[in-house]
Amino acid sequence: MSINTTAKLNIDWVLVTLYALLVILGWFSIYSAAYNPEFPSPLTFSEEYGKQAVWIGVCLMLIIVILYLDAEVFNKFAIFIYAFFVLLLALVLVVGKEVNGAKAWFGIGDFGIQPSEFSKIGVGLFLARYISINSSQFKSLRIRAYALAVVGFPAGLILLQPDVGSVLTFLAFILVMYREGLSGNVLIFGFASVFVGTYSIVVGSGTTNYPYFGYQSSVWTFILVLFVIGVLALFAVKQFVVPRSRRMINTVVVASTILACAMAYSINYVVDHVLEPHHKERIYVMLSLPVEREDATYNSEMAKITVGSGGFVGKGFHEGPMTQNNYVPEQWTDFIFSAVAEEWGFIGSTVVILLFFALIFRLVTVAERQRSQFSRIYGYCVAAILFMHLLINVGMVLGLAPIIGIPLPFFSYGGSSLMAFTILLFIMIRLDAERLSIFR
Amino acid sequence: MNNNRQYTFLLIVASVCLIYIVRLFMLQVATDEWKNKGSRLTEREVVIYPSRGNILDRNGKVLVENQTVYDLMVLPKEMQPFDTNHFCQIINLPIEELRDALKKAVTYPNVKYKPSPVVKQILPAEYAVFAEELHKFPGFFVQARTLRIYPESLGALVLGDVGEVTKEILEKNPDYRKGDYIGLNGIEKAYEAELRGKRGIRYVYRDNLGVEHPVAEGRLDSAAHEGQDLIASLDAELQKYGEMLMQNKRGCIVAIEPATGEILALVSAPTFDPNLLVGRARGNNFAQLASDPLKPLFNRATQAQYRPGSIFKIAQSLAALQIGAITPQTVIPCNRALIGCHGGHSADDLEMAIVHSCNPYFRGVMQRVVEANRDPNSRNNDAAIGLGIWQEQIMKFGFGGNMGSDLPNLKIGKVPGADYYDKRYGTGGWNYATIYSISIGEGELLINPVQMCNLACIVANRGYYYPPHTVKKIGREGTARQEYHEKIDVGVNRSYFETVVNAMEKVVGPGGTANSAKLSDIVICGKTGTVQNEPKEDHSVFVCFAPKDNPKIALAVYVEYAGFGGTWAAPIASLMVEKYLKGTITNLEKEKQIREARILNYVN
């Protein structure tokens, strides 16, 4: 396994540059958010920013190792990598250390590793492998079911920890399968479910709030608005989704109405009886519905205040009063984006979001230019996972998603997530570097 | 077809990014709502608490002042692992209590990002022990507070106490904040606004090193105004002496300066040291006092409503004279078939009827009062008219009302009128024979001890009173509240008082019911009362004023379940008079006898 000269030449420098920018900005944010005036040096290894610097160093070494590996390794050994991580996920349930109520960590002294972060690499590789060797039959229900099982099995193990947030990020793989031929109705179904679910919870809470608008109306206006949205959706489905030739419109309408009703009822059942009370509270907080405990709204409220405090240009590095006084708990991990927003303002946070968009855009472009189907699917896995993290994490900080503890890639403090995303991305860079030497 | 899907994918990603950028714009640029919330958090209001005013007695002796104590607080958010054993040792707290406090600090409604108390009201000496070391325990700090202290240990109920504001007050009154102190009763409550002062506010913001700077160079700040000192009308010596005389007894003493309405002493017995309700021990002591069967927390002087007994004959005489039902010369036979009486007399005029406390006489007076306006067609309506006129006059003496007093929670008693008896017996179902007990201070009549003393003031002043009040000066150079400078006339002709005053002098004279109260050099005018409590012992009651001319002090003494009015209440009043007017006691034997008496029967 000597280094391939073509690989060396064909590294996608756009991806590498975007990666470097995000990691460096992330480290700055941690330095500011976790700043301890007693240890002003950014390389103080007892503080989060010093530790993160160490993790960045470790990642550099990982990158070199990945680039030196033969690209074939990832394809050929995908199943073993997958199996290895599934095993770790099973093992962590037995010998793992419990942190914040989830058995998600292997603890070795002060040092902890979160296998769920790494497992996405295995799932991505094996899913790519599985779909690519069965690509001719991907239309068959059986193969699709197996593909879902590849994703679902580790997701189930993570759910046992329980770590709902990480499980949600596995929805990314549905997007990948959509790219590989899963019906577009999946997306419509997903969107409609979120809509129906949201409004079921609103109605179930006995209020007539319009989520995110902070606005209430009379019951009749509320019913009218929902009715109009329903009729519009019906026309849209009739016009764009159901092929006119099939004349299935009535069936679809009846079926989806029944489904929506069933969902509306079951959602509230789940919210009231299945979810933990604090999960219910988080959803209520997100939808601006009344909650009983003052501190249930605290994190969400503080995050929004911290973001708002930034204004247009931001308070400046190390100058954010909300950030520097640690109003947002554990701000250097999941809520790191609030520090970004306060200190760098609307301009800075927009730049960060655009950098993420650029990275995902570039990954899709790179994936689409692959000759190997394996590489393309894997590329989409990386793009979709990054997207899901961005969607949930930033949504949470901005009060648009419930509070779910998942990291913002490259920004949030933590060795496991930084290493996992680095490996995830650089495997793609390594595969891409090889693309010209692969024959279709 | 699948090739289109990369665009769908990118479209989804782009839409989400766009939504998030719009949302960022809404939170950060479009409104100041969140920014302002942020400034409210980082810009702190530092409240400057004014110190509460002191309370002094009429001679300048300090009755209530402030002492600084410390609340040990914890901010769980900033707490770090620490040696709990060492910590508990230096703050002198059992480790279980620390654990409880820390648990409570993060249990709703407390939250970990707001400070919660660990130990409240640590005395300065206790604080000094661990002040040096406290900085080693991040998240813990002390908050200085002031507490009341009572150097003379007297007047617990009349001075009142302070406590933290309740939720109800917080909701009603925006001037108070959680944890503020407020006067709960007594003078502390009645003069809350004056004692409290005005809180000042300093606005500061914290920079990234946690250092505080004034906002807008302090232009928004407001200064604190200290609470005003009060000069109470109380005489500390007299109050203390009264409390001493009343030890091991139940009842009360009210002493008022007739010429001003200033309350000189307000003793409720049994009493307690007000310092017991201060500091860490307050809770325990309060529970103990509250469960005491003698009810030391019940202010008998202001909240009790007693049947007045024969002392009411003074009011009855004055009212009947003014109504015109009798004249000083009216003689009514002592017909003991109608109502019991005592002593050897058969037919008295008014003066002697008061001296002898002749019950049949006053029964007759009541008949004349009620039937004064006889209507030949309907005698029952008559009674209502007569009683109405009587009630109106009686209430002018301050009965059935609060006399404009500043005493909080003063009970007003009851003066039954026609509507009351109509309700009880049916309209027309009663006449003077039904209700005559009220003429001798029994029956449905209820009078508060301050009202009894006020009656003595009215006689002392020959026709008027000032609202009884406890504060002589607001601020050391100030005066009493405006309404206490205005005399209230009771509408009885001044000449009628001579008969009553002479009678009251004879009551304390040789052969009078209150001869035990006689002093050799001071003329006391008084009237005893013996309130029936069948089958229990009678209440012993005495009202008086002294000296006869230009009176300086009026008193009401009520000793529960003690017996005849002349036996206990009268000598107590006489000792109080002597103490106040001369400063020394001549009859030390009498003082000793009173002081050492235990009259605590019927304790359930």
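Basis of the calculations
- Each chain has its residues counted from 1, following the order in which its sequence is written.
- Each chain gets a letter, beginning with A, and each ligand a number, beginning with 1, in the order they are written.
- Given that this is a predicted model, residues contribute local features only at a pLDDT of at least 70 and side-chain atom pairs are listed and counted only at 80 or more, while totals for whole chains, interfaces and linings are drawn from all residues.
- The side-chain figures draw on all heavy atoms in the structure; neither hydrogens nor water molecules are used.
- Numbering of helices and strands runs from the N terminus, with a helix taken as a DSSP run of H or I at least four residues long and a strand as a DSSP run of E at least two residues long.
- Here the globule rule is a power law, 2.2 Å times the number of residues to the power 0.38, and the radius of gyration is based on C-alpha atoms.
- Only protein chains enter the accessibility calculation, which uses a 1.4 Å probe. A residue is then buried if its area is under 20% of the maximum for its type, exposed if over 50%, and partly exposed in between.
- Accessible surface area values rest on a Shrake-Rupley calculation with a 1.4 Å probe, where residue burial reflects the displayed protein chains alone.
- Only Phe, Tyr and Trp rings take part, Trp by its six-membered ring, and two of them pair if their centres are within 6.5 Å. Stacked means planes under 30 degrees apart, edge-to-face means over 60, and tilted covers everything else.
- Geometrically, a lysine NZ or arginine CZ counts as sitting over a ring once it is within 6 Å of the ring centre and also within 35 degrees of the ring normal.
- Pairing between strands requires that DSSP locate at least two bridges from one strand to the other.
- In this analysis an axis means a line fitted to C-alpha atoms, helices contributing only their contacting stretch, and an angle means the value between N-to-C directions, from 0 to 180 degrees.
- By definition, residues are in contact when any of their heavy atoms lie within 4.5 Å.
- Buried area counts how much accessible surface, traced with a 1.4 Å probe, disappears from two parts once they are put together, with both parts' losses summed.
- Definition used for salt bridges: Asp or Glu carboxyl oxygen within 4 Å of a side-chain nitrogen of Lys or Arg.
- As used in this structure description, the phrase polar contact means that two N or O atoms lie within 3.5 Å; if the pair is within protein, one of them must be able to donate a hydrogen and the other to accept it, and residues adjacent in sequence are counted only when both atoms belong to side chains.
- Residue count minus one, scaled by 1.5 Å, sets the expected span of a helix.
- All the domain ranges listed were derived from an automatic or database domain assignment.
- When the sulfur atoms of two cysteines come within 2.5 Å, that pair is taken as a disulfide.
- Put simply, Ala, Val, Leu, Ile, Met, Phe, Trp, Tyr, Cys and Pro go in the nonpolar bin, Asp, Glu, Lys and Arg in the charged bin, and everything else, Gly too, in the polar bin.
- Side-chain atoms within 4.5 Å are what join buried Ala, Val, Leu, Ile, Met, Phe, Trp, Tyr and Cys residues into a set we call a nonpolar core.
- We count Lys and Arg on the positive side and Asp and Glu on the negative side, and we leave His and both chain ends out.
- Crossing handedness: left-handed means the near helix sits turned counterclockwise from the far one by under a right angle, and right-handed means the same turn made clockwise.

**Student:** So what's going on with the overall build of chain B? Residues and values would help.
**Tutor:** Of the regular secondary structure elements, chain B holds 22 helices and 20 strands. Compactness check: chain B gives a C-alpha radius of gyration of 33 Å against a globular reference of 25 Å for 604 residues, more than 25% above the reference. Dimensions of chain B, computed from C-alpha atoms along their principal axes, come out at roughly 125 × 65 × 45 Å. The proportion of buried residues among the 604 residues of chain B is 52%. Total accessible area on chain B is roughly 26500 Å²; 51% of this is exposed by carbon and sulfur atoms.

**Student:** Residues and numbers for the packing of aromatic side chains, please.
**Tutor:** Tallying each qualifying case throughout the model produces 36 aromatic pairs over all chains. On the numbers, 4.9 Å between centres and 70 degrees between planes, the contact of tyrosine 31 of chain A with tyrosine 49 of chain A is edge-to-face. Of this pair, tyrosine 31 of chain A sits in helix α2 (residues 13-33) while tyrosine 49 of chain A is found in helix α3 (residues 48-68), placing the two residues 18 residues apart along the sequence. You can call tyrosine 31 of chain A buried: its relative accessible area is 12%. The exposure class assigned to tyrosine 49 of chain A is buried, which follows from its relative accessible area of 0%. When the ring of phenylalanine 312 of chain B is compared with that of phenylalanine 399 of chain B, the centres are 5.8 Å apart and the planes differ by 50 degrees; the resulting orientation is tilted. Of this pair, phenylalanine 312 of chain B sits in helix α13 (residues 312-323) while phenylalanine 399 of chain B sits in the loop between α16 (379-396) and α17 (418-425), and the two are 87 residues apart along the sequence. Neither residue differs from the other here; phenylalanine 312 of chain B and phenylalanine 399 of chain B are each classed as buried. Site record: aromatic cluster; members linked through ring pairs are Trp27, Phe28, Tyr31, Tyr35, Tyr49 and Phe317 of chain A. Between the NZ or CZ atom of arginine 363 of chain B and the centre of the ring of tyrosine 436 of chain B, over which it lies, the distance is 4.7 Å. The ring of tyrosine 191 of chain B is capped by arginine 481 of chain B, whose NZ or CZ atom sits 4.0 Å from the centre of that ring.

**Student:** Give a description of the sheet that holds strand β11 (residues 251-257) of chain B that names residues and reports values.
**Tutor:** Residue and element names in this part refer to chain B. The strand order β12-β11-β20-β19-β18 describes an open sheet built from five strands, whose pairing is antiparallel. Looking at strand neighbours, the two that pair on one side only are β12 (262-269) and β18 (525-533), the edges of this open sheet. The average angle at which neighbouring strand axes cross in this sheet is 10 degrees, direction not considered. Sheet topology note: the strand β19 (residues 536-546)/strand β20 (residues 553-559) ladder contains seven bridges and is antiparallel. If you follow serine 540 over to β20, its bridge partner there is valine 559. Along the sheet, helix α19 (residues 449-461) contacts β11, β12, β19 and β20; its crossing angle with β20, the most-contacted strand, is approximately 145 degrees. Lying on the sheet, helix α20 (residues 496-508) is in contact with β18 and β19; it crosses β18 at an angle near 75 degrees.

**Student:** Provide a residue-level description of the interface of chain A and chain B, including the pertinent values.
**Tutor:** The interface of chain A with chain B comprises 58 residues on the first partner and 36 residues on the second. Carbon and sulfur atoms make up 69% of the surface buried where chain A meets chain B, a total of about 4300 Å² over both sides. Where chain A meets chain B, there are zero salt bridges. Where chain A touches chain B, the interface holds nine residue pairs in polar contact (both at pLDDT 80 or more). Listed by contribution, the elements that provide at least two residues to the side of chain A that touches chain B are α9 (172-179), α14 (298-310), α15 (321-324), α16 (336-368) and α17 (373-397) of chain A. If you tally residues by element for the side of chain A that touches chain B, the top one is α16 of chain A, at 13 residues.

**Student:** Would you mind going over helix α10 (residues 185-204) of chain A in detail, with residue names and values included?
**Tutor:** Residues and elements named next belong to chain A. In this model, α10 (20 residues) spans 27 Å end to end at C-alpha, consistent with the 28 Å of a helix rising 1.5 Å per residue. Listed as buried for α10 are Ser193, Gly197, Thr198, Tyr199, Ser200, Ile201 and Val202. Once α10 ends, the next one or two residues include glycine 206, with phi positive near 80 degrees.

**Student:** Break down the domain arrangement of chain B for me, citing the residues and quoting the values.
**Tutor:** All names here are of chain B. When cut into domains, chain B gives domain 1 (36-73 + 146-232) and domain 2 (236-596). Distance from the C-alpha centre of domain 1 to the C-alpha centre of domain 2: 40 Å. Listed per partner, the contact involves 32 residues of domain 1 and 36 residues of domain 2. Between domain 1 and domain 2, a total of about 2800 Å² is buried, with carbon and sulfur atoms accounting for 57% of that surface. The three residues of domain 1 that bury the most area against domain 2 are Arg58, Leu157 and Tyr191, which together make up 25% of that side's buried surface. The tally of links from domain 1 across to domain 2 stands at seven salt bridges.

**Student:** Can you tell me about the state of the cysteines, naming the residues and giving the values?
**Tutor:** Under the definition given, this model contains zero disulfides over all chains. Cysteine cysteine 544 of chain B remains unbridged, with the sulfur of cysteine 453 of chain B as its closest cysteine sulfur at 8.3 Å.

**Student:** Could you give me a rundown of the domain arrangement of chain A, with the residues and numbers involved?
**Tutor:** Residue and element names in this part refer to chain A. When the domains of chain A are assigned, the result is domain 1 (5-186 + 294-437) and domain 2 (187-286). A straight line from the C-alpha centre of domain 1 to that of domain 2 covers 30 Å. Residue-level contacts link 15 residues of domain 1 with twelve residues of domain 2. Taking both partners together, domain 1 and domain 2 bury about 1100 Å²; carbon and sulfur atoms supply 66% of that area. The interface formed by domain 1 and domain 2 holds zero salt bridges in total. Taken together, the links from domain 1 to domain 2 amount to zero residue pairs in polar contact (both at pLDDT 80 or more). Looking at the side of domain 1 that touches domain 2, the elements with two or more residues in it are α9 and α10. Along the lines of polarity and charge, the residues of the side of domain 1 that touches domain 2 split into nine nonpolar, six polar and no charged.

**Student:** Give a detailed account of the nonpolar core, specifying residues and quantitative values.
**Tutor:** The nonpolar side chains of a soluble globular protein tend to be buried with one another. Grouped together as the largest cluster of nonpolar side chains are 126 residues, with contacts concentrated most on Leu127, Phe337, Tyr378 and Phe410 of chain A. Not counting residues up to four positions away in its chain, the partners in contact with leucine 127 of chain A are Ala147, Val150, Val151, Phe173, Val176, Met177 and Cys381 of chain A.

**Student:** Which residues make up the side chain of lysine 313 of chain B, and what values go with them?
**Tutor:** Residue and element names in this part refer to chain B. Tracing the backbone shows lysine 313 in helix α13. Buried charged residue lysine 313 carries no salt bridge. Nearest counter-charge: glutamate 442, at 8.2 Å. In contact with lysine 313, other than residues within four places in its own chain, are Ser357, Cys358, Asn359, Phe362, Ser439 and Ile440.

**Student:** Account for the environment of serine 288 of chain A, naming residues and giving values.
**Tutor:** Residue and element names in this part refer to chain A. Within the element layout of this structure, serine 288 appears in the loop between α13 (277-286) and α14. By relative accessible area, which is 38% here, serine 288 ends up partly exposed. Counting along the chain gives 245 residues from serine 288 to leucine 43, while the straight-line C-alpha distance between them is 41 Å.

**Student:** Please give an account of the packing of α16 of chain A against helix α18 (residues 415-433) of chain A that cites residues and values.
**Tutor:** All names here are of chain A. Viewed as axis vectors pointing N to C, α16 and α18 meet at an angle of 35 degrees, and their least axial separation amounts to 11 Å. Where α16 crosses over α18, the handedness of that crossing is left-handed. Of the residues in α18, those in contact with Leu359, Leu363, Val366 and Ala367 of α16 are Leu425, Met428 and Asp432. Looking at the contact of α16 with α18 residue by residue, the class counts come to six nonpolar, no polar and one charged.

**Student:** Tell me about the pattern of salt bridges, residues and numbers included.
**Tutor:** Counted under the stated rule, the structure contains 30 salt bridges over all chains. For the salt bridge of arginine 58 of chain B with glutamate 262 of chain B, the shortest nitrogen-to-oxygen distance reads 3.0 Å. Taken together, the residues arginine 58 of chain B in the loop between β2 (55-56) and β3 (62-74) and glutamate 262 of chain B in strand β12 connect sequence positions 204 residues apart. By the burial criterion, arginine 58 of chain B is buried, and glutamate 262 of chain B matches it. The exposure class assigned to glutamate 262 of chain B is buried, which follows from its relative accessible area of 7%. Look at the salt bridges and you will find they share partners, linking Asp12, Arg362, Arg369 and Asp432 of chain A into a network.

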